[in-house]
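Below are the chains, spelled out letter by letter.
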Amino acid sequence: DVKVTQSSRYLVKRTGEKVFLECVQDMDHENMFWYRQDPGLGLRLIYFSYDVKMKEKGDIPEGYSVSREKKERFSLILESASTNQTSMYLCASRAQDPTGELFFGEGSRLTVL
Amino acid sequence: AQSVSQHNHHVILSEAASLELGCNYSYGGTVNLFWYVQYPGQHLQLLLKYFSGDPLVKGIKGFEAEFIKSKFSFNLRKPSVQWSDTAEYFCAVNARNIGNTGKLIFGQGTTLQVKP
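Residues numbered from 1 in each chain as written. Chains lettered and ligands numbered in written order. Predicted model: local features only at pLDDT ≥ 70, side-chain atom pairs only at ≥ 80, totals over all residues. Heavy atoms only, no water.

1. Details of the pattern of salt bridges
Working step 1: For the structure on display, the rule yields 13 salt bridges over all chains.
Working step 2: One salt-bridge network, held together by shared partners, links B:K58, B:E64, B:E66 and B:R77. (Salt bridge = Lys/Arg side-chain N within 4 Å of Asp/Glu carboxyl O.)

As structure tokens, then:
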């Protein structure tokens with residue numbers, strides 16, 4: 001089975017802190033994604049990586065950055081957390097085929113106080 | 001930029017009623033279309049997808065969807081819903097770009113509540 005593992009299920013941070021969310025997949029997938037899920041807004045794409053060291057902005061990249069140094073790992077970084085970044089963060093991976101299924105991690109619920 | 005719109009935010013049905021959830025997208029190029037479902041407390045999982053050929057696609061659990069290119073729509077249907085279909089449903093569009101396989105954009109989601 002494909003496994004996408006997010007390092008933290010629940011985090012509580014203070015405004016201004018730097019936050020790292022880690023995601024690891026074990027299926028040698030080329031594509032990896034970070035979304036945030038908010039009630040009534042669905043899943044909004046933050047960043048997308050289509051290969052190692054390759055990234056593309058999604059719809060809401062402001063306040064976020066990403067790192068993909070190795071194929072299996074895709075990190076989301078909040079340089080200075082703000083309260084409006086309180087959300088559920090979902091990582092997903094997919095093989096190179098654009099018709100392929102996205103496999104999701106369990107999510108990281110971040111609360112910024 | 002591509003976008004996906006789901007018009008029904010919250011749908012309440014009785015068991016055995018028929019279901020149709022609307023999905024429209026905006027993108028002029030080649031697209032692949034998906035419906036994902038998220039049952040309470042679970043991961044998102046793929047319900048069905050369209051990438052070419054017959055515009056009527058069938059998925060798991062009796063769901064189907066029809067791609068109408070002229071209307072930029074990909075509506076989800078089920079003839080008779082069950083209580084176990086209570087979940088949140090997301091339409092998604094992958095717009096292919098030159099140089100990479102494209103990014104998957106989701107709609108706002110529709111919460112379906114089925115009353116027993």
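2. Some remarks on the pairing of strand β3 (residues 19–25) of chain A
Residue and element names in this part refer to chain A.
Working step 1: Residues V19, L21, C23 and Q25 line the buried face of β3, whereas the alternating positions F20, E22 and V24 sit on a face that is not buried.
Working step 2: Here strand β1 (residues 4–6) pairs with β3 via 3 bridges, running antiparallel. Its bridge partner lying in β3, Q6 is registered against C23.
Working step 3: Pairing geometry for β3 and strand β8 (residues 73–78), over 6 bridges, is antiparallel. (Buried < 20%, exposed > 50% of the residue type's maximum accessible area, 1.4 Å probe, protein only. Helix = DSSP H or I, 4+ residues; strand = E, 2+ residues; numbered from the N terminus. Pairing = 2+ DSSP bridges.)

3. Remarks on the state of the cysteines
Residues and elements named next belong to chain A.
Working step 1: Enumeration according to the criterion identifies 2 disulfides over all chains in this entry.
Working step 2: With a sulfur-sulfur separation of 1.9 Å, C23 is cross-linked through a disulfide to C91. What sets the handedness of the C23 and C91 disulfide is the S-S torsion sign, and at about -80° it is left-handed. Taken together, the positions of C23 in strand β3 and C91 in strand β9 (residues 87–94) put the pair 68 residues apart, joining distant regions of the chain.
Working step 3: For C23, a relative accessible area of 0% translates into the label buried. (Disulfide = S-S within 2.5 Å.)

4. Side note on the nonpolar core
Side chains of nonpolar character tend, in soluble globular proteins, to be buried together.
Working step 1: Residues A:Y35, A:F104, B:W35, B:Y36, B:Y89 and B:F106 are the most contacted members of the largest nonpolar core, which totals 48 residues.
Working step 2: Sequence-distant contacts of A:Y35, that is, excluding residues within four places in its chain, are made with A:L43, A:R44, A:L45, A:I46, A:M88, A:Y89, A:L90, A:L102, A:F104, B:L104 and B:F106.
Working step 3: In this structure, A:V4, A:F74, A:L76 and A:V112 belong to the second largest nonpolar core, which totals 20 residues. (Core = buried A, V, L, I, M, F, W, Y, C linked by side-chain atoms within 4.5 Å. Contact = heavy atoms within 4.5 Å.)

5. Quick word on the packing of aromatic side chains
Here the distance between the centres and the angle between the planes together describe a pair of aromatic rings.
Working step 1: Under the defined criterion, the tally for this structure stands at 15 aromatic pairs over all chains.
Working step 2: Judged by centre distance (4.8 Å) and plane angle (20°), the rings of A:F33 and A:F48 are stacked. Of this pair, A:F33 sits in strand β4 (residues 31–38) while A:F48 is found in strand β5 (residues 42–51), placing the two residues 15 residues apart along the sequence.
Working step 3: A relative accessible area of 0% means that A:F33 is categorised as buried.
Working step 4: With a centroid separation of 5.5 Å and 70° between ring planes, the pair formed by B:Y25 and B:F72 is classed as edge-to-face. Residue B:Y25 is located in strand β4 (residues 24–26), and its partner B:F72 is located in the loop between β8 (64–68) and β9 (73–78); the two are separated by 47 residues in the primary sequence.
Working step 5: An aromatic cluster is present here, built from A:F33, A:Y35, A:F48, A:Y50, A:F104, B:F34, B:Y36, B:F90 and B:F106 joined pairwise through their rings. (Phe/Tyr/Trp six-rings, centres within 6.5 Å; stacked < 30°, edge-to-face > 60°.)

6. With respect to the interface of chain B and chain A
Working step 1: Each partner contributes residues to the interface: chain B has 24 residues there, and chain A has 26 residues.
Working step 2: With both sides pooled, the region where chain B packs onto chain A buries about 2,000 Å², and carbon together with sulfur makes up 55% of that total.
Working step 3: Applying the counting rule to chain B against chain A returns 1 salt bridge.
Working step 4: For the salt bridge of A:E56 with B:K103, the shortest nitrogen-to-oxygen distance reads 3.6 Å.
Working step 5: For the pair chain B and chain A, the interface holds 8 residue pairs in polar contact (both at pLDDT 80 or more).
Working step 6: At the level of secondary structure, the elements contributing two or more residues to the side of chain B that touches chain A comprise β5 (31–38), β6 (44–50), β10 (87–97) and β11 (100–106) of chain B. (Buried area = accessible area lost by both parts, 1.4 Å probe. Polar contact = N/O pair within 3.5 Å; in protein donor to acceptor, adjacent residues only side chain to side chain.)

7. Points about the environment of B:Y89
All names here are of chain B.
Working step 1: With respect to the helices and strands, the residue Y89 is situated in strand β10.
Working step 2: When the C-alpha atoms of Y89 and Q38 are compared, they prove to be 6.4 Å apart, with 51 residues separating the residues in sequence.
Working step 3: Those residues in contact with Y89, other than ones at most four positions away along the chain, are Q6, L21, W35, Y36, V37, L47, F63, L76, G109, T110 and L112.
Working step 4: Of note is the side chain of Y89, whose polar atom sits 2.6 Å from the backbone oxygen of D85.

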